[in-house]
Amino acid sequence: DFTAASIDSREVKKGELFIALQGSHTDGHEYIKEAITKGAAGIMINQAQEEVLKKLDKNALAQVFIISVPDTKTALVALAAAWRAEFN
């Protein structure tokens, strides 16, 4: 379970899902450690970036759930659409 989702590791709060997006200037996968340190309950990563997990502390990773998807941007859009469908 998570309380909210964030794409900015600087703004992640305890209990949130951090979604690592790849942009033209930076890659959110580089900030996974920061998001976990700030209390993220879970992280969503691109399957192609799973190697980044090997660089992180195993004890820290054990504290979060990991969602690995083909494309985090597409998954974020689907997550938002599912959430929006819950309302009139």
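In this report, the structure presented in the accompanying data block is examined.

## As for the layout of surface pockets
- A volume near 220 Å³ is recorded for the largest pocket.
- In this structure, the largest pocket is lined by Ile7, Asp8, Ser9, Arg10, Phe18, Ile19, Leu21, Gly23, Thr26, Gly28, Tyr31 and Glu34.
- Looking at side-chain class alone, the lining of the largest pocket contains five nonpolar, four polar and three charged residues.

## Observations regarding the sheet that holds strand β3 (residues 42-46)
- Ordered in space as β1-β2-β3-β4, the four strands form an open sheet in which the pairing is parallel. The sheet is open, and its two borders are formed by β1 (5-6) and β4 (65-69), each paired with just one other strand.
- Examined bridge by bridge, β1 and strand β2 (residues 17-19) share two bridges and lie parallel to one another. Of the residues in β2, the one forming a bridge with serine 6 is phenylalanine 18.

## Some points on the side chain of serine 6
- As for its placement among the helices and strands, serine 6 is situated in strand β1.
- A polar side-chain atom of serine 6 sits 3.1 Å from the main-chain carbonyl oxygen of aspartate 8.

## A short note on the side chain of asparagine 46
- Looking at where asparagine 46 falls in the secondary structure, it is placed in strand β3.
- Excluding residues that lie within four positions of it along the chain, asparagine 46 makes contacts with Gln22, His29, Ser68, Val69, Pro70, Asp71 and Thr72.

Rules and cut-offs
Residues numbered from 1 in each chain as written. Predicted model: local features only at pLDDT ≥ 70, side-chain atom pairs only at ≥ 80, totals over all residues. Heavy atoms only, no water. 1 Å grid on protein atoms, 1.4 Å probe; cavity = no way out; pocket = protein on both sides within 12 Å on 5 of 7 lines; lining within 4 Å. Points joined across faces, edges and corners; volume = space filled by probe spheres on them. Nonpolar A, V, L, I, M, F, W, Y, C, P; charged D, E, K, R; others polar. Pairing = 2+ DSSP bridges. Helix = DSSP H or I, 4+ residues; strand = E, 2+ residues; numbered from the N terminus. Polar contact = N/O pair within 3.5 Å; in protein donor to acceptor, adjacent residues only side chain to side chain. Contact = heavy atoms within 4.5 Å.

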